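Chain by chain, the residues run as shown.
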Amino acid sequence: MQSLQEQIKAHEQDINSFTPADAKELEEYRIKYLGTKGIVKQIFGEMKNVPVEQKKEAGQVLNAFKQLAEGKYEEFKHLQDGASQKGPAIDITMPGTELPLGTRHPLRMVENQIVSIFEKIGFSVATGPEIEDDWHNFTSLNMPEHHPARDMQDTFYVSQNPDWVLRTHTSSVQARIMEQGKLPVRVLCPGRVYRNETISARAHCFFHQCEGLYIDKGVSFADLKQALYYFVTEMFGPDTKVRFRPSYFPFTEPSAEMDISCTVCGGSGCNLCKHTGWVEILGCGMVHPNMLRNFGIDPEVYTGYAFGMGIERITQIKYQVNDLRLYSQNDVRFLKQFQSQ
Ligand code: DAH
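Residues numbered from 1 in each chain as written. Predicted model: local features only at pLDDT ≥ 70, side-chain atom pairs only at ≥ 80, totals over all residues. Heavy atoms only, no water.

Caption draft 1: Focus on the overall build of the protein. Scanning the protein for helices and strands turns up 12 helices and 9 strands. In terms of C-alpha radius of gyration, the protein reaches 40 Å, well past the compact-globule figure of 20 Å for 341 residues. By its C-alpha atoms, the protein is 125 × 50 × 45 Å across when sized along the principal axes. Sequence-distant contacts in the protein: of pairs separated by 6 or more residues, those separated by 24 or more amount to 68%. If the 36 positive side-chain charges of the protein are averaged to one point and the 42 negative ones to another, these points end up 6 Å apart. (Helix = DSSP H or I, 4+ residues; strand = E, 2+ residues; numbered from the N terminus. Rg over C-alpha atoms; globule rule 2.2 N^0.38 Å. Contact = heavy atoms within 4.5 Å. Lys, Arg positive; Asp, Glu negative; His and termini not counted. Charge placed at Lys NZ, Arg CZ, Asp CG, Glu CD.)

Given below as structure tokens:
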């Protein structure tokens, strides 16, 4: 009897820990415990060897065991119901409902790239308002009223206030940074700008720029060239050449425009570079002493460089986008192409 009880205990443990995953496992269990040659039958067969005075007690133990074994089977019988149907109740192999995921806008991607390149050489990001006053957009940048350079940019004026404009360039943020009076400064100012242009493939009434400004003691044109050269190699690859051409901007002296060797044809001539082998990417120069003085900075002590580039232009060169309008049409077929970059 002792050994019978031990046997039962061991089986009970097995039964208690048994959780069938499917109808097949349940059927195997049924055959093992409840079948005609199953363990329950077998153990009941042992009853004949139990001494008469222990039969009653043994009978109770055996009945409890049988109930346990049958109970487990009942508990999972629903697995068989599923199996008896034509197919499974739920098709777990069916693909889920796809939730469309947005993608980053190509201009934002390029802006992020520009920012992270300059962050590595100590620039931080600053922003300013898109509705700007005359002082920050023009006058303080060495462009007083009636200065011919104002005509270089077709300005949107805000009708409520004759002093307000939609900023025509991110150079206005330079002015806002300088007026804070904290030196040295090394900032990058990305943002949207507005100009009163007829919308076409090559021009738009709003676009994006990224301004850079570095003012400290002893900043030179060589520092400017080195920073921009580093930017170009990071952005367009180490084989890209740069060249500087003298230019004019009221807020820098000397001023220059920077070209890079055409990344599409490598210099042999194509539509992007108009068969010159070079594409212009930005304007730059040493901050004009007048501009420093406008903000109480002594040009005898401090010098600085500044640069400004169009984000659409950089994106166009990188991805050969030929129509500026695509950036603001929100056509998912266009926007999706930049997903993996
Ligand atoms: N503000 C100029 C533009 O919109 C670009 C520019 C040129 C910015 C030279 C600068 C600079 O900071 O130094 O065309």
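Caption draft 2: Molecular detail of the sheet that holds strand 7 (residues 252–261). Reading across the sheet, the 7 strands line up as 1-4-5-9-8-7-6 and stay open at both edges, with mixed pairing between neighbours. A single partner strand is all that each edge strand has here, and the edge strands are strand 1 (124–125) and strand 6 (242–249). For strand 4 (residues 185–194) and strand 5 (residues 206–216), the ladder comprises 10 bridges, and the chain directions are antiparallel. Bridged to Val187 within strand 5 is Leu213. Against the sheet, helix 6 (residues 106–119) contacts strand 1, strand 4, strand 5 and strand 9 (303–310), and its axis sits at roughly 165 degrees relative to strand 4. (Pairing = 2+ DSSP bridges. Axes fitted to C-alpha atoms, helices over the stretch in contact; angles between N-to-C directions.)

Caption draft 3: Structural detail: the pattern of salt bridges. Per the stated rule, a full pass over the model turns up 14 salt bridges. A salt bridge links Asp134 to Arg150; its shortest N-O distance comes to 2.8 Å. A residue pair is termed long-range when its members are at least 10 positions apart, and Asp134 in helix 7 (residues 134–137) and Arg150 in the loop between helix 7 and strand 3 (164–166) qualify at 16 residues. Grouping residues by exposure puts Asp134 and Arg150 together as buried. Arg243 is paired through a salt bridge with Asp259; the nearest N and O atoms lie 2.9 Å apart. Taken as a pair, Arg243 in strand 6 and Asp259 in strand 7 lie far apart in primary sequence, 16 residues in all. A residue is classified by how much of its surface remains accessible, and Arg243, at 32% relative accessible area, is partly exposed. (Salt bridge = Lys/Arg side-chain N within 4 Å of Asp/Glu carboxyl O. Buried < 20%, exposed > 50% of the residue type's maximum accessible area, 1.4 Å probe, protein only.)

Caption draft 4: Local environment of the packing of aromatic side chains. Applying the stated criterion across every chain, the model contains 15 aromatic pairs. Consider the rings of Tyr327 and Phe334, whose centres lie 6.0 Å apart with planes at 70 degrees: the pair is edge-to-face. In this pair, the class of Tyr327 matches that of Phe334, namely buried. Through successive ring pairs, a cluster of aromatic residues spans Phe118, Phe123, Tyr214, Phe231, Tyr305 and Phe307. Over the ring of Phe44 we find Lys66; its NZ or CZ atom is 6.0 Å from the centre of that ring. Geometry around Tyr214 places Arg186 over its ring, the cationic atom sitting 4.4 Å from the centre. (Phe/Tyr/Trp six-rings, centres within 6.5 Å; stacked < 30°, edge-to-face > 60°. Lys NZ or Arg CZ within 6 Å of the ring centre and 35° of its normal.)

Caption draft 5: Examining the layout of surface pockets more closely. Quantified by volume, the largest pocket comes out at close to 1,400 Å³. Lining of the largest pocket is provided by 49 residues; of these, Arg202, Phe207, Glu280, Gly310 and Arg313 occupy positions nearest its centre. Among the elements of the structure, helix 8 (171–179), strand 5, strand 7, strand 8 (278–287), strand 9 and helix 11 (311–319) are those that each provide at least two residues to the lining of the largest pocket. Counted by class, the lining of the largest pocket contains 23 nonpolar, 16 polar and 10 charged residues. (1 Å grid on protein atoms, 1.4 Å probe; cavity = no way out; pocket = protein on both sides within 12 Å on 5 of 7 lines; lining within 4 Å. Points joined across faces, edges and corners; volume = space filled by probe spheres on them. Nonpolar A, V, L, I, M, F, W, Y, C, P; charged D, E, K, R; others polar.)

Caption draft 6: Fine view of the nonpolar core. Formed by 44 residues in total, the largest nonpolar core has its most connected members in Ile114, Phe118, Phe231, Ile281, Tyr305, Phe307 and Met309. If you list the elements that add at least two residues to this core, you get helix 6, strand 5, helix 9 (221–236), strand 7, strand 8, strand 9, helix 11 and helix 12 (332–335). Here this core gets 8 residues from one element, more than from any other, and that element is helix 9. Contact partners of Phe118, with chain neighbours within four places excluded, come to Phe123, Leu188, Ala227, Leu228, Phe231, Phe307 and Met309. (Core = buried A, V, L, I, M, F, W, Y, C linked by side-chain atoms within 4.5 Å.)

Caption draft 7: Expanded view of the site of the ligand. By nearness alone, 16 residues border the ligand, and Ser171, Gln174, Arg195, Gln209 and Glu211 come closest of all. In the model, an oxygen atom of the ligand is placed 2.5 Å from a nitrogen or oxygen of the Glu211 side chain. Across the complex, the protein chains shield 90% of the 360 Å² of accessible surface that the ligand would expose by itself. Among the detected pockets, the ligand sits in the largest pocket. Going through the elements one at a time, helix 8, strand 5, strand 8 and strand 9 are the ones with two or more residues in the shell around the ligand. (Near = heavy atom within 4 Å. Polar contact = N/O pair within 3.5 Å; in protein donor to acceptor, adjacent residues only side chain to side chain. Areas by Shrake-Rupley, 256 points an atom, 1.4 Å probe, with all protein chains shown as cover. Sits in = over half its atoms within 2 Å of the grid points.)

Caption draft 8: Representation of the side chain of Thr168 within the structure. Of note, Thr168 is situated in the loop between strand 3 and helix 8. Take Thr168: its relative accessible area is 0%, and that puts it in the buried class. Within the local environment of Thr168, its side chain forms a polar contact with the side chain of Asn137, the two groups lying 3.0 Å apart. Non-local contacts of Thr168, meaning those with residues more than four positions away in its chain, are made with Asn137, Phe138, Gln153, Thr155, Val193, Tyr194 and Arg195.

By themselves, these are just geometric observations and shouldn't be taken as functional.
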